[in-house]
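Coordinate analysis (summary)
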Amino acid sequence: MTDVNDATPARGQGGGGDGPLGPVVAGLNALGSVWIIAIMLLICADITMRTLFNAPIAGVAEMVAFSIVGIVFLQLAHTLRSGALTRSDLLLTLVAKRSQGAARVMRAVFNLTGAALLALTFWYFFPVLAKAWTHPERNFMGNPGFFVIPTWPLYGLMAIGMAATVLQYLASAWANLKGRRP
């Protein structure tokens, strides 16, 4: 039995070589990782304050919900770049056994489709970001009078993550079409 992974990129979808996108994607991923650590510390502090002093930190649930979405979008491009984005590649594996060229084209089509769909999502999402930016008093998470967070920073992070992921999809498609190992 031959290993089809020898014919596919070493890191899955991966993408685009070591151009200027690489450090940006890595930076967004690092920011998401640091944010995870900060959220863990916040949760531990809340538990400690709640248990020892009967004084929970206000808004932890809202901040965690806010953070999970932000972290996902910050790390999405890196997930794609590293080949960890979930996909079913049964057909790709069968095609790769017969023709590496056809498999490269299929990977490129996958990446171009992903770029198009996420770009379309970004296009329809941008007005929501603009509305949250211009009217933060009407666009917030939480309970007024207890704890509120404006949504525009989260939406901004989502937009940055979407844009980086679209660029990563395009870089991966380009690498696939050029026959390079992304």
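A brief look at the structure comes next. (Residues numbered from 1 in each chain as written. Predicted model: local features only at pLDDT ≥ 70, side-chain atom pairs only at ≥ 80, totals over all residues. Heavy atoms only, no water.)

With respect to the pairing of strand S1 (residues 140-143)
This is how the line gets drawn: For two strands to count as paired, DSSP must find a minimum of two bridges between them. The helix count covers DSSP runs of H or I at least four residues long, the strand count covers runs of E at least two residues long, and both are numbered beginning at the N terminus.
Strand direction decides the pairing type here: S1 and strand S2 (residues 147-150), joined by four bridges, are antiparallel. Across the sheet, phenylalanine 140 pairs through a bridge with proline 150, a residue of S2. Between S1 and the antiparallel strand that follows it, S2, lie three residues; glycine 145 among them carries a positive phi value of about 90 degrees.

Side note on the side chain of arginine 81
Note the cut-off: Exposure categories follow from relative accessible area, calculated using a 1.4 Å probe and restricted to protein chains: below 20% of the type maximum is buried, above 50% is exposed, and the middle band is partly exposed. Here a polar contact is recorded for every N or O atom pair within 3.5 Å, except that within protein the pair must consist of a potential hydrogen donor and a potential acceptor, and residues adjacent in sequence are included only if both atoms are side-chain atoms.
Relative to the helices and strands, arginine 81 is located in helix H2 (residues 60-81). Residue arginine 81 is classed as buried on the basis of its relative accessible area of 16%. A polar side-chain atom of arginine 81 sits 2.8 Å from a polar atom in the side chain of glutamine 168.

Remarks on unusual backbone geometry
Across residues other than glycine, the phi torsion is negative in most instances, and most of the peptide bonds are trans. The backbone of asparagine 54 sits at a positive phi, close to 50 degrees, despite the residue not being glycine. Looking at the secondary structure, you find asparagine 54 in the loop between helix H1 (21-53) and H2.

Digging into the nonpolar core
The cut-off we apply is this: In plain words, nonpolar cores are sets of buried Ala, Val, Leu, Ile, Met, Phe, Trp, Tyr and Cys residues tied together by side-chain atoms within 4.5 Å. Should any heavy atoms of two residues lie within 4.5 Å, those residues are counted as being in contact.
Trp35, Phe125, Met158 and Met162 are the most contacted members of the largest nonpolar core, which totals 29 residues. For this core, the secondary-structure elements that each account for two or more residues are H1, H2, helix H4 (100-134), S2 and helix H5 (152-178). The element best represented in this core is H5, accounting for nine residues. Those residues in contact with methionine 162 that sit more than four places away from it in its chain are Phe73, Leu118, Thr121, Phe122 and Phe125.

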